[in-house]
Structures are given as C-alpha cells and as structure tokens.
Amino acid sequence: MNRTPPTTITRVRLWRWRRNQLRRHSDVVEAWIVLATWVLAVLGGAVAGLAAAQSADAAFSARQARVHAVSAVLTGSAATTPTSGSGYDDGRVWATVRWTDTHGAVHTDRTKVQPGAPAGSQVTVWTDPAGHVVSAPVTGAAADLQAALTGALVAPSAGAAVWGAGWLVRTRLIRRRMAEWDEEWKQIGPRWGNLSGGRG
C-alpha cells in the first residue's frame with residue numbers, strides 16, 4: 001500500500017518584511033517605496049488617463065456648442081483641380097462662399113469645396129460666434145475614439161512619471177545605505193582584521 005507523503009504548506013512572505021537580524025530599517029523603507037511606487041504608478045496612470053479622456057470629451061462637446069452649421073452659396077465657380085502643396089491634401093479646393101446669419105447680416109469667407117463646383121452651389125459651412133468659417137467639430141464615434149486615444153496616451157506617461165519618481169527616491173535610499181555600510185566597515189574592518197589574526 002503506497003502512502004503519499006503529507007504536503008507541507010509554507011507561507012510565502014516577502015523577505016523585506018520578514019523578521020530577521022540582517023534586516024535593516026532601510027530595507028523595510030525600500031520595500032514600502034517599491035510597493036507605493038507600483039500602486040501609485042498603476043492607479044495614477046489609470047486616473048490620469050481617465051481624466052484626460054473626460055477632458056478631451058468635454059473639449060469636443062464645448063467646441064460643438066460654440067459652432068453651428070449654416071447653408072452658404074459659392075460666389076464663384078470653384079477651381080477644377082486642387083493646387084499642389086505640402087501637407088495634408090483632401091482633394092478639395094478653396095472657394096469663397098456667402099451666407100446670411102440669423103440677424104440678417106451677410107458674411108463672406110473662404111472654405112474648401114469639391115473641385116469644379118459651379119457658382120451658386122449650396123454648401124454647408126461651420127461658423128464660430130464671430131461669424132468666421134471654422135473646421136467642422138469632431139462628433140460621435142470620432143470624438144469618442146480621439147478621447148479614448150488621448151486617455152490611452154496619457155495613462156502610461158503618467159504611470160511612467162510616477163515610477164521614475166519612485167526610482168529616484170529608491171536610488172537615493174540605496175546610495176545612502178551604501179554610504180552607511182562604508183562608514184560601518186571603516187569602523188569594523190580593522191577590528192575584524194585583528195580577530196582573524198590579520199588574515200581577514
């Protein structure tokens with residue numbers, strides 16, 4: 001009859017918190033610094049990312065509230081081919097448009113339209129409170145995506161900043177500990193040599 005040996009359960013304890021004669025106060029302080037650094041890096045990064053995403057979403061909503069769409073007409077025919085230039089090119093051309101606001105004032109400005117659009121064509125433009133044409137606000141899924149990406153970029157950056165600060169504090173603690181050990185060895189070293197008959 002085969003007997004299986006009893007399994008012993010040993011508790012795993014982190015050595016920096018375990019009571020022993022070699023543990024110094026600085027070891028415990030270092031352990032708390034490491035633990036606090038990781039906790040704050042994870043939580044701080046998550047909170048910063050969430051705050052950044054909410055801030056971006058609020059900025060998109062605020063901009064959407066400040067601008068509004070109006071119907072305008074082309075004052076002249078648009079160019080048939082876009083001018084070649086550097087930077088982002090969406091295939092549209094610049095043209096002058098005219099519209100009347102809610103107070104009856106007539107405005108003119110330039111906006112991008114499809115190439116070859118004839119004079120008198122109706123186009124929708126976005127205007128600010130001053131009556132200037134501005135880019136269309138980011139709304140819907142595009143706004144949600146940009147807010148999420150903003151949070152995703154800020155979260156690791158904030159976590160890395162907290163981790164870097166904790167690493168600097170820990171490095172200073174280690175340097176201080178090494179300096180203390182050096183001072184102690186200067187006092188104990190000569191006595192150790194005498195105890196070992198000059199061989200140690």
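Above this text sits the structure in question.
Residues numbered from 1 in each chain as written. Predicted model: local features only at pLDDT ≥ 70, side-chain atom pairs only at ≥ 80, totals over all residues. Heavy atoms only, no water.

A. Quick peek at the overall build of the chain. Looking only at helices and strands, the chain features two helices and five strands. For the chain, the succession of helices and strands along the chain, N to C, is α-β-β-β-β-β-α. In the chain, which comprises 200 residues, the proportion classed as buried is 24%. Entry remark: accessible area of the chain is about 14,800 Å², with carbon and sulfur atoms responsible for 60%. (Helix = DSSP H or I, 4+ residues; strand = E, 2+ residues; numbered from the N terminus. Buried < 20%, exposed > 50% of the residue type's maximum accessible area, 1.4 Å probe, protein only. Areas by Shrake-Rupley, 256 points an atom, 1.4 Å probe, with all protein chains shown as cover.)

B. Representation of the sheet that holds strand 4 (residues 122–127) in the model. Taken together, five strands build an open sheet; the order of strands is 3-2-1-4-5 and the sheet is antiparallel. The outermost strands of the open sheet, each flanked by one partner alone, are strand 3 (106–113) and strand 5 (133–134). In terms of strand pairing, strand 4 meets strand 5 through two bridges, oriented antiparallel. For Thr127, the partnering residue across the bridge sits in strand 5 and is Val133. (Pairing = 2+ DSSP bridges.)

C. How the structure looks around the layout of surface pockets. Counted as a void, the largest pocket has a volume near 200 Å³. Looking at the largest pocket, it is lined by 14 residues, and the ones nearest its centre are Arg92, Thr111, Lys112, Val133 and Val134. Only strand 3, strand 4 and strand 5 provide two or more residues apiece to the lining of the largest pocket. Class assignment of the residues belonging to the lining of the largest pocket gives a composition of eight nonpolar, three polar and three charged. (1 Å grid on protein atoms, 1.4 Å probe; cavity = no way out; pocket = protein on both sides within 12 Å on 5 of 7 lines; lining within 4 Å. Points joined across faces, edges and corners; volume = space filled by probe spheres on them. Nonpolar A, V, L, I, M, F, W, Y, C, P; charged D, E, K, R; others polar.)

D. Region of interest: the environment of Val123. Position of Val123 among the secondary structure elements: in strand 4. Overall, Val123 belongs to the buried group, its relative accessible area being 17%. When the C-alpha atoms of Val123 and Leu74 are compared, they prove to be 7.4 Å apart, with 49 residues separating the residues in sequence. If near-sequence neighbours (up to four positions away) are discounted, Val123 is found in contact with Val70, Ser71, Ala72, Val97 and Val113. (Contact = heavy atoms within 4.5 Å.)

E. How the structure looks around the nonpolar core. Judged by nonpolar contacts, the single largest core of 13 residues is most densely connected at Val97, Val113 and Val125. Mapped by element, the contributors of at least two residues to this core are strand 1 (68–74), strand 2 (93–100) and strand 4. Counting residues per element, this core draws most heavily on strand 2, which supplies four residues. If we skip the residues at most four places from it in the chain, Val125 touches His68, Ala69, Val70, Ala72, Val97, Thr111 and Val133. (Core = buried A, V, L, I, M, F, W, Y, C linked by side-chain atoms within 4.5 Å.)

F. Seen up close, the pattern of salt bridges. In the structure shown here, the tally under the stated rule is five salt bridges. Among the charged side chains, a network of salt bridges with common partners joins Glu30, Arg170 and Arg177. (Salt bridge = Lys/Arg side-chain N within 4 Å of Asp/Glu carboxyl O.)

G. Structural context of the pairing of strand 2. On strand 2, burial follows the alternation: Val93, Ala95, Val97 and Trp99 on one face are buried, whereas Trp94, Thr96, Arg98 and Thr100 on the facing-out side are not. As paired strands, strand 1 and strand 2 are joined by two bridges and run antiparallel to one another. In the strand pairing of strand 2, Val73 is matched with Arg98. Both strand 2 and strand 3 contribute to a ladder of eight bridges, which runs antiparallel. Bridge pairing in strand 3 links Trp94 to Lys112. With antiparallel pairing between neighbouring strands as the criterion, strand 2 and strand 3 make up a hairpin whose turn holds five residues, including Gly104 at a positive phi of roughly 90°.

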